[in-house]
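# Close look at the chain arrangement
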Amino acid sequence: MKLHSKILLGLATGAVAGVAANALAPGAQWVRLVADYVAGPVGQVFLRLLLMTVIPLVFASLTLGVAGIGDLRRLGRVGGRTLAYFVLSSVLATVLGLALVNAVQPGAGIGSATREALLEGYRAQAEGMRVGGTRGLGIDTFVHIVPINPLRAAVEMDLLGVICFSLLFGAALALLPEERARPLVRGIEALADVVLKLIDFAMRLAPYGVFGLVFVLTSRFGWHLLEQLGVYVGVVVAGLLLHGLVTLSLLVRFLGGRDPLWFWRRARASLLTAFSTSSSNATLPTNIAVAERELGVPPPVAGFVLPLGATLNMNGTALYEGVTVLFLAQAFGVDLSLAQQVVVVALSVVTAIGAAGVPGGSLPLLMGVLAAVGVPPEGIAIILGVDRLLDMCRTTLNVAGDLSAAVYVARTESAALATVEQVAPPLAA
Ligand code: ASP
């Protein structure tokens, strides 16, 4: 059986078992014990194995990507295209989300009694998040991207810092004379190979890990919340589906020059990993492997685009933020003008860029967006109960967006095309 089929089986059985346990034995002691001592730990071990590889993987793949792209002008071009694609796809996603939420008005149907009950139930959690930090977006945000100590950036999992160091390291490496650079390049290539093997180890555990993660979630999930927030959840999920099936498919077809069906079929392992881990960072290892092995993206392009994408490109998160801000504005009776909605789009895109690729990474920033447009930030308590479910869905789109960017950049880099042709014939023009 292929790996993605096994993962899918883990996902499906985990979901069925979890939902059944939740429905048939609500709050039962044994369900909690199974979740706490079996399913949870297995899921966490899988997640941690993946996260363990992220720092060396980002360093090795970005450094080799930059060095492999070679001359700095070409690097500038690739970087510019990559960032432009990130912004374009995120803006499209957010605008789509806002259009849907304006049309459906899910917030208008929330009665004040439901609103107060939800606010009350999740208030403590929302406050904790706020203390955890709504970092302001200021000039320091940009200054601090440059780490004074790359090792500390690595130790603290400061991915932007590691990315900054690796980009510069790779650029410097590319400027050395060939025979001086070669030993180090060989060493880093070996490091990348080792990390890929580590990822293979982790992925062997994936079907069980995914079962565990999904079981814990579904067995504890407050399904009754869907009655109250169903329309909102529906709008987010419909927006994500539309963005994937229509927008990203069109981008893959017209900017990437590939058959969307082929793209989605081959991306399966990444999508399933993203859905079950809710973390772009944890999915990065799988994503690089999928891009190279399934989509034929040349390693320098995959190594350059995907680590950047995991931190900077979050289509799903941008869409979700836009929908949530408007939903809460509707629920609190705050009227947002068209101009304010344009601000919501801009802030959603920027904060999606700034959000960390971990479960719930965007929530503190989302509170900042709410405050900026005059919606009470503690209102986030209303949607916290369904957030993990939506996190799984938006992370899937985040990761798909990264892959589509890699396909696009691979196509524009003509030297790279040879590898792509081996995997898939181009579409007839
Ligand atoms: N969980 C998301 C990710 O890792 C970030 C978020 O939207 O909270 O991509």
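These remarks concern the structure in this document. (Residues numbered from 1 in each chain as written. Predicted model: local features only at pLDDT ≥ 70, side-chain atom pairs only at ≥ 80, totals over all residues. Heavy atoms only, no water.)

Put simply, helix α2 (residues 29-52) and helix α10 (residues 206-220) touch, their axes get as near as 7 Å, and they point 135° apart. Classified by the angle their axes make, α2 and α10 are oblique. As α2 runs across α10, the sense of the crossing is left-handed. For the pair formed by α2 and α10, the contact residues are Val-31, Val-34, Ala-35, Asp-36, Ala-39, Gly-40, Val-42, Gly-43, Gln-44, Phe-46 and Leu-47 on the first element and Ala-206, Tyr-208, Gly-209, Val-210, Gly-212, Leu-213, Phe-215, Val-216, Ser-219 and Arg-220 on the second. Considering only residue class, the contact of α2 with α10 consists of 13 nonpolar, 6 polar and 2 charged. (Axes fitted to C-alpha atoms, helices over the stretch in contact; angles between N-to-C directions. Helix = DSSP H or I, 4+ residues; strand = E, 2+ residues; numbered from the N terminus. Parallel < 35°, antiparallel > 145°, perpendicular 65-115°, else oblique. Left-handed = near helix turned anticlockwise from the far one by under 90°. Contact = heavy atoms within 4.5 Å. Nonpolar A, V, L, I, M, F, W, Y, C, P; charged D, E, K, R; others polar.)

Around the ligand lies a shell of 16 residues, among which Ser-280, Thr-317, Asp-391, Arg-394 and Asn-398 are the nearest. Ser-280 places a polar side-chain atom, nitrogen or oxygen, 2.4 Å from an oxygen atom of the ligand. At a separation of 3.1 Å, a nitrogen atom of the ligand approaches a polar backbone atom of Val-358. Starting from 270 Å² of accessible surface for the ligand in isolation, the protein chains cover 100%. (Near = heavy atom within 4 Å. Polar contact = N/O pair within 3.5 Å; in protein donor to acceptor, adjacent residues only side chain to side chain. Areas by Shrake-Rupley, 256 points an atom, 1.4 Å probe, with all protein chains shown as cover.)

Right, let's talk about the side chain of Glu-321 for a bit. Inspection of the secondary structure assignment puts Glu-321 in helix α16 (residues 315-331). Of the side chains with opposite charge, Arg-394 comes closest to the buried, unpaired Glu-321, at an N-O distance of 7.3 Å. Setting aside chain neighbours within four positions, we find Glu-321 in contact with Ser-348, Thr-351, Ala-352, Ser-362, Leu-366 and Val-369. (Buried < 20%, exposed > 50% of the residue type's maximum accessible area, 1.4 Å probe, protein only. Lys, Arg positive; Asp, Glu negative; His and termini not counted. Salt bridge = Lys/Arg side-chain N within 4 Å of Asp/Glu carboxyl O.)

Attention shifts here to the pattern of salt bridges. Counted by the stated rule, this structure contains 9 salt bridges. Close ionic contact of Glu-413 with Arg-81 constitutes a salt bridge, the shortest N to O distance being 3.3 Å. Taken together, the residues Glu-413 in the loop between α19 (381-412) and α20 (414-423) and Arg-81 in helix α4 (residues 72-104) connect sequence positions 332 residues apart. Residue class for Glu-413 comes out buried when judged on its relative accessible area of 2%. When its relative accessible area of 25% is taken as the criterion, Arg-81 is described as partly exposed. Residues Arg-182 and Glu-178 are paired through a salt bridge, measuring 3.2 Å at the closest nitrogen-oxygen approach.

Take the nonpolar core next. Nonpolar side chains in soluble globular proteins generally cluster together in the buried interior. Core analysis: the largest hydrophobic core is formed by 110 residues, its most contacted members being Tyr-232, Val-297, Phe-304 and Ile-380. The element best represented in this core is α19, accounting for 18 residues. Beyond its immediate chain neighbours, meaning those up to four positions away, Val-297 contacts Ala-291, Glu-292, Ala-302, Ala-406, Val-407 and Ala-410. Ala-21, Ala-25, Ala-39 and Val-216 belong to the second largest nonpolar core, which has 8 residues in total. (Core = buried A, V, L, I, M, F, W, Y, C linked by side-chain atoms within 4.5 Å.)

Turning our attention to the packing of aromatic side chains. By the definition in use, this model includes 7 aromatic pairs. Relative to Phe-169, the ring of Phe-165 has its centre 5.5 Å away and its plane inclined at 40°; by these criteria the two rings are tilted. One end of the pair is Phe-165 and the other is Phe-169, both in helix α8 (residues 159-175) and 4 residues apart, which spans about a single turn. Residue class for Phe-165 comes out partly exposed when judged on its relative accessible area of 31%. Owing to a relative accessible area of 27%, Phe-169 belongs among the partly exposed residues under this scheme. Ring pairing ties together the aromatic residues Phe-59, Phe-165 and Phe-169, which thus form one cluster. Here the basic side chain of Arg-253 rests over the ring of Phe-254, its NZ or CZ set 5.2 Å away from the ring centre. (Phe/Tyr/Trp six-rings, centres within 6.5 Å; stacked < 30°, edge-to-face > 60°. Lys NZ or Arg CZ within 6 Å of the ring centre and 35° of its normal.)

A few words now on a nonpolar patch on the surface. On the surface, Leu-241, Leu-242, Leu-245, Val-246, Leu-250 and Phe-254 cluster together into a nonpolar patch covering about 590 Å² of accessible area. Structurally, Phe-254 is set in helix α11 (residues 225-254). According to the relative accessible area criterion, Phe-254 is exposed, its value standing at 58%. (Patch = residues over 30% accessible without salt bridge, like charges linked within 9 Å, V, L, I, M, F, W, Y side chains within 5 Å.)

For the pair helix α1 (residues 3-24) and helix α13 (residues 268-277), interaxial distance at closest approach is 9 Å and the crossing angle is 25°. Overall, the two elements α1 and α13 adopt an arrangement that is roughly parallel. Two packed elements cross with a definite hand, and for α1 against α13 that hand is left-handed. Contacts between α1 and α13 involve His-4, Ile-7, Leu-8 and Leu-11 from the first element and Arg-268, Ala-269, Leu-272, Thr-273, Phe-275 and Ser-276 from the second.

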